[in-house]
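# An overview of the molecular structure
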Amino acid sequence: MSDTTDSNGSSYGTGTADADGATARTGSTAAGGPGSEPASGPGSTEEATEAAAQSQLSTAPVEEAPSGPKLSLFGWLRWFWRQLTSMRVALLLLLLLSLASVPGSLIPQRNASPFRVAEFLQNNPKLGPVYDKLQLFDVYSSVWFSAIYLLLFVSLIGCIVPRTWQFVGQLRAKPPKAPSRLKRMPAYTTWRTEAEPAEVLGGARKLLRGRRFRVADGEGSVSAEKGYLRELGNLCFHLALIVMLVAFAVGQLWSVEGGKLVVKGGGFANTLTQYDDIKSGALYDYDDLDGFGFTLEEFHSSFEESGPERGTPRDFRADISYWEGADGPEKKASIEVNKPLTVGSSKVYLLGHGYAPVVTVKDGKGDVAFRGPVPFLPQDGDPNLTSQGVVKVTDYQDAKGKKEQLGFVGIFTPTYGIDEVRGPHSTFPGMKYPAIFLSAYRGNLGIDTGLPQSVYQLNQRGMEPFETEDGDILRQSLRPGETMKLPDGAGSLTFERVERWATFQISQKPASGWALGGALVAIGGLAASLFLQRRRVWVRAYADEDGRTVVEMASLGRSESAKVPEELGTLAERLRADSAPLPPAPEANDAVPERGDAAGPDDTSGNNDSVGPSADDDGPRRS
């Protein structure tokens, strides 16, 4: 039964059935009152009381736990926007962007080295496909890296736009009026002068404007504020980050970069087929390559000849002749390390150098099968330029006219040396005693399979070595002018001379200037936000009962700094010297007012200069 209420507001409880089916009425009324059943049997009063308590508990409304207002879709979007544009989330996104760049440095990337990626997949059949699905071979173009990048971009914009409008409003607003009690400021000083209040305020106004404060007049006071460059530097720092992010994105999407090894006397034309390796952004069109070319005329290098720094490079320079366009005039130029050649929107950098032995290979018939320079690449970490290379001869026939292919694997040393541990090696990077150490092979080089292979490595799967009469692999060291004879009249190889080669990097990166400018502005803005301080200065002047002018000065900084009271002291000294001088000192026979008199302690010596909060109005105000 549900509760009911009579006209007087009395409440009645619900009925409960006992085991015999009889109904007992319990309520808020006392036993024997209106609507109550007569009590019968021992303990009926206690039972009725207990039943009444249970009835009140069962009919009392259940209180629900307090809950906040439910957010609508717009409310959730606004909450998410506020979280995204907070400084905490921006720093977190910067950290995530840094961490997301780590795999791109440790794992080979397809756009930079597709051969290393293919080798990784071949050597790691289980881990490689997992990396591929996670886009770890394409980190900087992956979905997750782009998401972090875009969220950081949006976060910076959402943070800087409202702060910019707030800063503009602060620039347009006047400095706040002087507080009623300046002595409560962290830096405070006061003195008396015989100058008029208007004269003191005029001098203070001139002084503060001369110190590049923004000044506003108040009632008997002057307010000044300085240090807006701090917030401006903060805004410039965030704007510079946005510029750098945009420049980085543009540079990645519309950039192109390739390398080319050029032997002395050889040339290069800026077309796609001329590159040894090339990579570009997702939106770059190779038709936009700048039309130019160059020829390597001479390469110059010098090394330290003696002393503890023997072999240290001193100078590298590539002398070239280049042209722009199909009919452009030929020009001379020199490319050095960190001094690239700029042609149009492209830059040509000098990256490396080495040696290219010039060899002549004759077949079994005595005809020349190959002649020319063969670049040998320096071994990693060898400052003396011990180099490895391969001579590949595709057009060859033996003494019986059988067509085959030859391969010579060798080591070139610009200054020859040999020992039992290292074998043939170079002892100096300069060409003092050049020599080449070769092993000869015959068979199928595998260049006709359609699979790419390096010109600096020999695939020995289809090759077999030439052997000497003793059954050993044919090996021989050669000096310029010497010849290596192949067994059974199979031909010969003659080491003619040595040429120089240089590697060049041709890059076209838009928005590089924007990125550099953004970095410089970011450094300047960060320095301004760290080393500048926003502070306010107030000057109040009024006449006391004795007709003298009381001057009060106070300063407040947005952060604690020892320079705030120092600056206030300097301003006070300047104001006393220019517009509010101290009164003359009293004569020796003049009465000195007691502490607490109306004249105050400032009249004791005529100079009660103090900086800092005061304990009372009449005592000396010292910090």
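Residues numbered from 1 in each chain as written. Predicted model: local features only at pLDDT ≥ 70, side-chain atom pairs only at ≥ 80, totals over all residues. Heavy atoms only, no water.

## Some remarks on the pairing of strand E20 (residues 423–426)
Cut-off, in case you're wondering: In this scheme, strands are said to pair when DSSP sees at least two bridges between them. Here a helix means four or more residues in a row that DSSP labels H or I, a strand means two or more in a row labelled E, and each is numbered from the N terminus.
As defined by bridge partners, strand E19 (residues 416–419) adjoins E20 across four bridges and the pair is classed as antiparallel. By the bridge assignment, glycine 417 is partnered in E20 with histidine 425. Here E19 folds back onto E20, and the loop between the two strands holds three residues.

## Looking at the pairing of strand E12 (residues 331–336)
As paired strands, strand E11 (residues 313–324) and E12 are joined by six bridges and run antiparallel to one another. Its bridge partner lying in E12, isoleucine 320 is registered against alanine 333. Here E11 folds back onto E12, and the loop between the two strands holds six residues, one of which, glycine 325, carries a positive phi near 75 degrees.

## Some details on the packing of helix H3 (residues 87–106) against helix H6 (residues 143–172)
Quick note on the threshold: For helices, the axis comes from a line fit to the C-alpha atoms of the stretch in contact; other axes are also lines fit to C-alpha atoms, and the angle between any two N-to-C directions lies between 0 and 180 degrees. Just so you know how the angles are binned, under 35 degrees is roughly parallel, over 145 roughly antiparallel, 65 to 115 roughly perpendicular, and the rest oblique. Helix crossings fall into two classes, left-handed where the near helix is turned counterclockwise from the far one by less than a right angle and right-handed where it is turned clockwise. Contacts: residue pairs with any heavy atoms within 4.5 Å of one another. Residue polarity is assigned by list, with Asp, Glu, Lys and Arg as charged and Ala, Val, Leu, Ile, Met, Phe, Trp, Tyr, Cys and Pro as nonpolar; anything else, Gly included, falls into the polar class.
Axis separation between H3 and H6 bottoms out at 9 Å; the angle between their running directions is 150 degrees. In this view, H3 runs roughly antiparallel relative to H6, as classed from their interaxial angle. At the point where H3 passes H6, the crossing takes the left-handed sense. Residues Met87, Ala90, Leu93, Leu94, Leu96, Leu97, Ala100 and Ser101 of H3 lie in contact with H6, whose contacting residues are Trp144, Phe145, Ile148, Tyr149, Leu151, Leu152, Ser155 and Arg163. Taken together, the residues that form the contact of H3 with H6 break down as 13 nonpolar, two polar and one charged.

## Topic: the pattern of salt bridges
What counts is decided by this rule: Salt bridges are defined as contacts in which a side-chain nitrogen from Lys or Arg sits within 4 Å of a carboxyl oxygen from Asp or Glu. Residue exposure (1.4 Å probe, protein chains only): buried if accessible area is under 20% of the type maximum, exposed if over 50%, otherwise partly exposed.
If you walk through the whole model with that rule in mind, you get 22 salt bridges. A salt bridge links glutamate 225 to arginine 534; its shortest N-O distance comes to 3.0 Å. Of this pair, glutamate 225 sits in strand E6 (residues 221–226) while arginine 534 sits in the loop between helix H9 (512–531) and strand E26 (535–543), placing them 309 residues apart in sequence. In this structure arginine 534 comes out as buried when scored by relative accessible area, which is 6%. For glutamate 309, the salt bridge is made with arginine 314, and the minimal N-O distance between the two is 2.8 Å. Classification of glutamate 309 by relative accessible area gives partly exposed; the value is 44%.

## Digging into the layout of surface pockets
Stated precisely, the cut-off is as follows: We place a 1 Å grid over just the protein atoms. Points where a 1.4 Å probe fits but has no way out form a cavity, open points with protein on both sides within 12 Å along at least 5 of 7 lines form a pocket, and any residue with an atom within 4 Å of a point lines it. Grid points are joined across faces, edges and corners, and a volume is the space filled by probe spheres set on the points.
Of the pockets and cavities examined, the largest pocket occupies roughly 1,800 Å³. Together, 40 residues line the largest pocket, and Phe115, Gln453, Ser454, Val455 and Gln457 are the ones closest to its centre. Breaking the lining of the largest pocket down by element, the ones donating at least two residues are helix H4 (114–123), strand E7 (256–263), strand E9 (277–280), strand E16 (377–378) and strand E25 (492–508). With six residues, H4 is the largest single contributor of residues to the lining of the largest pocket. Along the lines of polarity and charge, the residues of the lining of the largest pocket split into 16 nonpolar, 15 polar and nine charged. Looking at the second largest pocket, its volume works out to about 1,000 Å³. Together, 34 residues line the second largest pocket, and Phe248, Gly251, Gln252, Leu253 and Ser255 are the ones closest to its centre. Mapped onto the lining of the second largest pocket, the elements with two or more residues apiece are H6, helix H8 (228–253), E7, E9 and H9. No other element matches H8, which puts seven residues into the lining of the second largest pocket. In the lining of the second largest pocket, the residues fall into 18 nonpolar, twelve polar and four charged.

## Details of a nonpolar patch on the surface
For the record, the criterion: Patch definition: residues above 30% relative accessible area lacking any salt bridge, with like charges linked at up to 9 Å and the nonpolar side chains Val, Leu, Ile, Met, Phe, Trp and Tyr linked at up to 5 Å. Exposure was quantified through the Shrake-Rupley algorithm and a 1.4 Å probe, taking into account, for residues, occlusion by the shown protein chains and nothing else.
Taken together, the side chains of Leu92, Leu95, Leu96, Leu99, Val102 and Leu106 present a nonpolar region at the surface, about 560 Å² in accessible area. Along the chain, leucine 95 falls in helix H3.

## Focus on the sheet that holds E26
Across the sheet, which stays open at both edges, the five strands sit in the order E4-E27-E26-E6-E5 with antiparallel pairing between neighbours. Edge positions in the open sheet fall to strand E4 (187–193) and strand E5 (214–218), since each of these has one partner strand only. Put simply, the sheet's adjacent strands are angled 15 degrees from each other on average, direction ignored. Relative to E26, E6 is paired through six bridges, and the arrangement is antiparallel. Bridged to alanine 224 within E26 is valine 537. Where helix H7 (residues 197–210) meets the sheet, its contacts fall on E4, E5, E6, E26 and strand E27 (549–557), and the angle it forms with E26 comes to roughly 165 degrees.

## Overview of the sheet that holds E12
With antiparallel pairing, four strands are arranged side by side in an open sheet as E8-E10-E11-E12. Looking at which strands have only one partner, the edges of the open sheet turn out to be strand E8 (267–269) and E12. Across the sheet, the axes of successive neighbouring strands diverge by a mean angle of 30 degrees, strand direction being ignored. Alignment of strand E10 (residues 292–303) against E11, held across eleven bridges, turns out to be antiparallel. Each bridged residue has a counterpart across the sheet, and for glutamate 298 the counterpart in E11 is aspartate 319.

## Quick notes on the side chain of serine 529
By secondary structure assignment, the location of serine 529 is in helix H9. Under the relative-accessibility criterion, serine 529 is labelled buried at 14%. In this view, serine 529 contacts Arg230 and Asn234; residues no more than four positions away in its chain are not counted.

## Looking at the packing of aromatic side chains
To keep things clear, this is the line we draw: Stacked, tilted and edge-to-face are the three classes assigned to paired rings of Phe, Tyr and Trp, where Trp is represented by its six-membered ring and a pair needs centres within 6.5 Å; plane angles under 30 degrees give stacked, over 60 edge-to-face, the rest tilted. Counting as a charge over the ring demands two things of the Lys NZ or Arg CZ atom: a distance within 6 Å of the ring centre and an angle within 35 degrees of the ring normal.
Following the criterion strictly, the structure yields 16 aromatic pairs and no others. Look at tyrosine 284 and tyrosine 286: their rings are 5.9 Å apart centre to centre, the planes differ by 80 degrees, and that puts the pair in the edge-to-face class. Owing to a relative accessible area of 30%, tyrosine 286 belongs among the partly exposed residues under this scheme. On the basis of an interplanar angle of 70 degrees and a centroid distance of 6.0 Å, the ring pair of phenylalanine 303 and phenylalanine 316 is categorised as edge-to-face. Taken as a pair, phenylalanine 303 in strand E10 and phenylalanine 316 in strand E11 lie far apart in primary sequence, 13 residues in all. Each member of the aromatic cluster is reached from another via a ring pair, and the members are Phe268, Tyr275, Phe294 and Phe504. When the ring centre of tyrosine 433 is taken as origin, the NZ or CZ atom of arginine 479, which lies over that ring, is 3.8 Å away.

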